[in-house]
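A closer look at the structure
The residues making up each chain are set out below.
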Amino acid sequence: MMEVCNCIEPQWPADELLMKYQYISDFFIAVAYFSIPLELIYFVKKSAVFPYRWVLVQFGAFIVLCGATHLINLWTFTTNSRTVALVMTTAKVLTAVVSCATALMLVHIIPDLLSVKTRELFLKNKAAELDREMGLIRTQEETGRHVRMLTHEIRSTLDRHTILKTTLVELGRTLALEECALWMPTRTGLELQLSYTLRQQHPVEYTVPIQLPVINQVFGTSRAVKISPNSPVARLRPVSGKYLLGEVVAVRVPLLHLSNFQINDWPELSTKRYALMVLMLPSDSARQWHVHELELVEVVADQVAVALSHAAILEESMRARDLLMEQNVALDIARREAETAIRARNDFLAVMNHEMRTPMHAIIALSSLLQETELTPEQRLMVETVLKSSSLLATLMNDVLDLSRLEDGSLQLELGTFNLHTLFREVLNLIKPIAVVKKLPITLNLAPDLPEFVVGDEKRLMQIILNIVGNAVKFSKQGSISVTALVTKSDNRAPPDFFVVPTGSHFYLRVKVKDLGAGINPQDIPKLFTKFAQTQSLATRSSGGSGLGLAISKRFVNLMEGNIWIESEGVGKGCTAIFDVKLGISNESKQSGIPKVPANPQHVNFAGLKVLVMDENGVSRMVTKGLLVHLGCEVATVSSSEECLRVVSHEHRVVFMDVCTPGVENYQIALRIHEKFTKRHQRPLLVALTGNTDKSTKERCMSFGLDGVLLKPVSLDNMRNVLSDLLEHRVLYEAM
Amino acid sequence: GYFSETQVKPSPKETKRQLCLSLSLSISVSSLHSLSLYPMDAHVAQLQMQYRNYILSLYQQGFLDDQFTELKSLQDDGTPDFVAEVLSLFFDDCVKLVGNMARALDQTGTVDFSQVGANVHQLKGSSSSVGAKRVKGLCINFKELCEAKNYEGCVRCLQQVDIEYKTLKAKLQDMFNLEKQIVQAGGIVPQVDIN
């Protein structure tokens, strides 16, 4: 405010009072005018942010000058000197300048100042917004912390009850709940049972049916759902009327593991089972469920589901492990019992076998002896029957023992070289009598490429062939039987799980026995090879047999790395039994056996050949013995002719006698031996060992009934040749 | 293996003994083999050469003939001491027979040439069985002398026989020692082919 004080007036005689008041007011105005800028300066200095310093200076100057004019006015009242007038004028001019400048300046400044105010307002709003967001983030972070803590608590244990209890406790604490409850589905799945509560120590066994609409609503979504406090699942506490019930929220907890769930007459199987968690806010707090709290509840529910499934899996695996341990123990006991049983059976078999064999042998031996004596036809018939039955019984015992040994795996093949062709012929010779009686012609076809000398278990192979051919004869009433033996390569008639691979020194022998007899129902074929099973009708059963034959044959065939099977078109259409076995091919010719170390050639024919050596000279006796032992014979030695006559028996196949010593006595022995052994086939062959082999010696030997002459000292090859020839032809006159 | 070797043993006791002998021999041989080092191989070869030469010399000098080869061929893993046993029996026989003959020739009065002849016949048989060539040759001469009833000749021949069998005994002992040395050195006794 500015007023141009036009106080220069002629001096009138003024009113004293009015003068006084003007005087005072001017004074005060001046004071105010001087103090205002001081205050401004003071406060601006204090603020240090005010940008308009220059304006303030201007303003201050303006005010000061205005004050100055008013002050100068004080002097105008009394005197009006020229100096005062000058000063006054100067002051007024300055004041005018400054005030105009200030007015001009203010035009620019005032809008700025006003906008500052609006900016301040804007910033305040922004700050308030940020504050709000901060609050939100903080609550979220807190929620996350709570969830982590809850999860940690829940997951720190694998015990189902602890998990659930901890969940409720922590939730109750975090969210400051009044009540928190968990409803689990019952075994049948038709009801929800109140399993856990927070506040109540012993929850009542309280169930609600699962098909309530509120429950379906909660189960239908994975979110937490606000439900009415009056719904049956929320009515957990005795309701007192005066309280306003707090809001209730329910959420589903998926049970990720299907425990023992008996599906009796449940028409549809719900694939997922849920538990229900109900959370109740404090009754009279008027608190609302906030979004972040609901989110917390959902997250917790998920974690609980996972923790529960882990706990369930652990339970399951523990249960399975316990079961396995029990089963293990039971199996162990069973195994030990089985072993004991097997041992007992083996002991029993061994003992019984021995016990049974002894009387058996007695019976067979004595019956055979009895057969040799004079008997009437009826007696002979009886004895023959006794013999037949007892040999059958002996066979049965052998079969049983063999089978048990086969099953134990303790049976091993006894390999040796033998003549395959001869084997077949022998089998046929054995069977022929019975076949002739039954008028069944048997034919044998041996393939041209069938090796003659093979390596294998001769006895058992014969047993197999005998069994098969015997069966063919037994169960055929008419028709013919054909036995075919051939070398087989891979043949598509073999069962699919058996591939024949002929290797270098081995081959597979295939034997086919075809008969036109009773035949077998194709359905019965698998049963044939089982023990003790018989598929024949009663009529044919009378022909005997224990049913073990095929089982044993199959075991032997398997031991020989082969296969056996039977083909039949049906009952009454005959059947063909076929088996393959693996045999080794013998490289050597008939004379020598398996190739051996050169220093020890053996001849299979000499093995166990019992010979007697008679020589007075100890040294040559020993040498001859050594020679024969080397060839594999069983050698007995005597040093005198009397001893020779005493010792010689029909067991000795050859007797070597030294006839070097001059005299005819040695040749006498030959005669005496001839006398002793009347039957030609029982007499041992007699060979003379002599120092010279001129014609007279040979003639003399012949005359005394000697079968051969050998020149001393005898070489190994000589001896070998002589023995072979002797045994082959039963007579020899030795070449040097 | 697939092939099993069936050997016939004369008696269980014999079997056992032979088995033990062969087993011990094979174990000793194999263990010695495992101990052999390169310097030892040279030593073994040297011994084997020595042995071979010795045997050849025995044959060339007429101490042994083919029958001895036959005898050696009868010896195998089952009867490792066969030759040694036969030879010891032979030398015992020699001692006995020579003693008999000495006694028979020492008799005052008439000398029983037939008895001497019988002994000579025995010795001839024995020596021909083992392949002692020189001894056998001497025995043939001796026999003729006996038939001729040549007393001096017989006495002289007997002395020769005595010397001869003792020499042979010493020589064969050397041969056995050589064999033992070879085996101890870890080598195998070589089969010497005379022809």
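Residues numbered from 1 in each chain as written. Chains lettered and ligands numbered in written order. Predicted model: local features only at pLDDT ≥ 70, side-chain atom pairs only at ≥ 80, totals over all residues. Heavy atoms only, no water.

Chain B has the name Histidine-containing phosphotransfer protein in an unreviewed UniProt entry, where Brassica rapa subsp. trilocularis is given as its organism. Reading the Function (unreviewed entry) entry of the UniProt record for chain B gives the comment "Functions as a two-component phosphorelay mediators between cytokinin sensor histidine kinases and response regulators (B-type ARRs). Plays an important role in propagating cytokinin signal transduction." (UniProt positions renumbered as here; feature names shortened; annotations may be inferred.)

As named in an unreviewed UniProt entry, chain A is Ethylene receptor, taken from Brassica rapa subsp. trilocularis. Quoted verbatim from the Catalytic activity (unreviewed entry) field of UniProt, the annotation for chain A is "ATP + protein L-histidine = ADP + protein N-phospho-L-histidine." Its UniProt record, at the heading Subcellular location (unreviewed entry), says of chain A: "Endoplasmic reticulum membrane".

Structural notes on the overall build of chain A
Broken down by element type, chain A carries 17 helices and 18 strands. Counting all 736 residues of chain A, 39% fall into the buried class. Long-range pairs, those at least 24 residues apart, make up 70% of the contacts in chain A between residues at least 6 apart in sequence. Of the roughly 42400 Å² of accessible surface on chain A, a fraction of 61% belongs to carbon and sulfur atoms. (Helix = DSSP H or I, 4+ residues; strand = E, 2+ residues; numbered from the N terminus. Buried < 20%, exposed > 50% of the residue type's maximum accessible area, 1.4 Å probe, protein only. Contact = heavy atoms within 4.5 Å. Areas by Shrake-Rupley, 256 points an atom, 1.4 Å probe, with all protein chains shown as cover.)

Examining the overall build of chain B
The helix and strand tally for chain B stands at seven helices and zero strands. Beginning at the N terminus, the succession of helices and strands in chain B can be written as α-α-α-α-α-α-α. Of all 195 residues assigned to chain B, the portion counted as buried reaches 38%. Restricting to contacts in chain B with at least 6 residues of sequence separation, those with at least 24 account for 69%. Approximately 10700 Å² of chain B is accessible, and the part contributed by carbon and sulfur atoms is 55%.

Observations concerning the packing of aromatic side chains
A ring pair, where both rings are aromatic, is described by two values, the distance of the centres and the angle of the planes. Applying the stated criterion across every chain, the model contains four aromatic pairs over all chains. Measuring from ring centre to ring centre gives 5.8 Å for Phe27 of chain A and Phe28 of chain A, while their planes differ by 70°; the resulting arrangement is edge-to-face. Ring geometry for Phe219 of chain A and Tyr274 of chain A: centres 5.2 Å apart, planes at 45°, overall tilted. Taken together, the residues Phe219 of chain A in helix α5 (residues 213–220) and Tyr274 of chain A in strand β6 (residues 273–280) connect sequence positions 55 residues apart. Assigned by exposure class, Phe219 of chain A and Tyr274 of chain A land together as buried. For the cation-ring pair, Arg134 of chain B lies above Phe63 of chain B, with the distance from its terminal atom to the ring centre recorded as 4.2 Å. (Phe/Tyr/Trp six-rings, centres within 6.5 Å; stacked < 30°, edge-to-face > 60°. Lys NZ or Arg CZ within 6 Å of the ring centre and 35° of its normal.)

Concerning helix α3 (residues 66–74) of chain B
Turning to α3 of chain B, its buried residues are Gln67, Phe68, Leu71 and Leu74 of chain B. One side of α3 of chain B holds all its buried residues, which, seen down the axis, span an arc of 115°. (Arc of directions from axis to C-beta.)

Observations concerning the side chain of Thr69 of chain A
Residues and elements named next belong to chain A. Looking at where Thr69 falls in the secondary structure, it is placed in helix α2 (residues 53–76). For Thr69, the side chain forms a polar contact with the main-chain oxygen of Cys66, separated by 2.4 Å. Residues contacting Thr69, with those up to four places away along its chain left out, are Met88, Ala91, Lys92 and Thr95. (Polar contact = N/O pair within 3.5 Å; in protein donor to acceptor, adjacent residues only side chain to side chain.)

A look at the nonpolar core
Across soluble globular proteins, nonpolar side chains have a tendency to be buried as a group. Phe656 of chain A together with Phe90 and Phe142 of chain B are the most contacted members of the largest nonpolar core, which totals 71 residues. Ranked by the residues each element gives to this core, the list is headed by helix α4 (residues 82–106) of chain B, at 12 residues. Apart from the residues within four sequence positions on either side, Phe656 of chain A is in contact with Val611, Leu612, Val613, Met614, Leu628, Val687, Leu689, Leu710, Met719 and Leu723 of chain A. Membership of the second largest hydrophobic core comes to 47 residues, among which are Phe424, Ile442, Met462 and Ala577 of chain A. (Core = buried A, V, L, I, M, F, W, Y, C linked by side-chain atoms within 4.5 Å.)

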